[in-house]
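Residue-level structure breakdown
Here is what each chain is made of, one letter per residue.
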Amino acid sequence: MARKTILVCDNCGKEVDEAQGAVMRLSWSDARRGAKEADLCGECAGSMPGRQVARRGRRPKSASATE
Ligand SMILES: [Zn+2]
């Protein structure tokens, strides 16, 4: 299976180089609604709203303090 999947940015429609790509995952508060994902190019990913999320496994002590 040598066929390469071409990833296209869901925001701007540009082809995404695998090394530059990103996936944005959106989870509804209401779990019944499930979740959705968007493939993004590096540029779009950088301009998306959102905050840095700590990697799993370690919980910062100041978690969910006043924002
Ligand atoms: Zn893009």
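Since we're looking at a predicted model, the values are computed, not measured.

Description of the coordination of the zinc ion
Around the zinc ion, the protein contributes the donor atoms Cys 9 (SG), Cys 12 (SG), Cys 41 (SG) and Cys 44 (SG), which lie 2.2 to 2.3 Å from the metal centre. Coordination at the zinc ion is tetrahedral: its 4 donor atoms span angles of 102 to 116° at the metal. Each donor residue of the zinc ion lies on one chain, and together they are spaced C-x2-C-x28-C-x2-C. Here the residue Cys 9 occupies a position in the loop between strand S1 (7-8) and strand S2 (15-16), and Cys 44 occupies one in helix H1 (residues 42-47), the gap between them amounting to 35 residues. Each member of the pair Cys 9 and Cys 44 is classed as buried.

Looking at the pattern of salt bridges
Applying the stated rule across the entire model yields 3 salt bridges. Linking Arg 25 and Glu 37 is a salt bridge whose minimum nitrogen-to-oxygen distance equals 2.8 Å. Here the residue Arg 25 occupies a position in strand S3 (residues 22-27), and Glu 37 occupies one in strand S4 (residues 35-40), the gap between them amounting to 12 residues. When sorted by exposure, Arg 25 lands in the same class as Glu 37, which is exposed. The salt bridge involving Arg 32 is made with Asp 30; its shortest N-O contact spans 3.2 Å. You can call Arg 32 exposed: its relative accessible area is 76%.

Rules of the game
Residues numbered from 1 in each chain as written. Predicted model: local features only at pLDDT ≥ 70, side-chain atom pairs only at ≥ 80, totals over all residues. Heavy atoms only, no water. Donors = N, O, S within 2.8 Å, 3.2 Å for Na, K, Ca; no water. Tetrahedral: all angles 85-135°; square planar, octahedral: opposite > 155°, others 65-115°. Helix = DSSP H or I, 4+ residues; strand = E, 2+ residues; numbered from the N terminus. Buried < 20%, exposed > 50% of the residue type's maximum accessible area, 1.4 Å probe, protein only. Salt bridge = Lys/Arg side-chain N within 4 Å of Asp/Glu carboxyl O.

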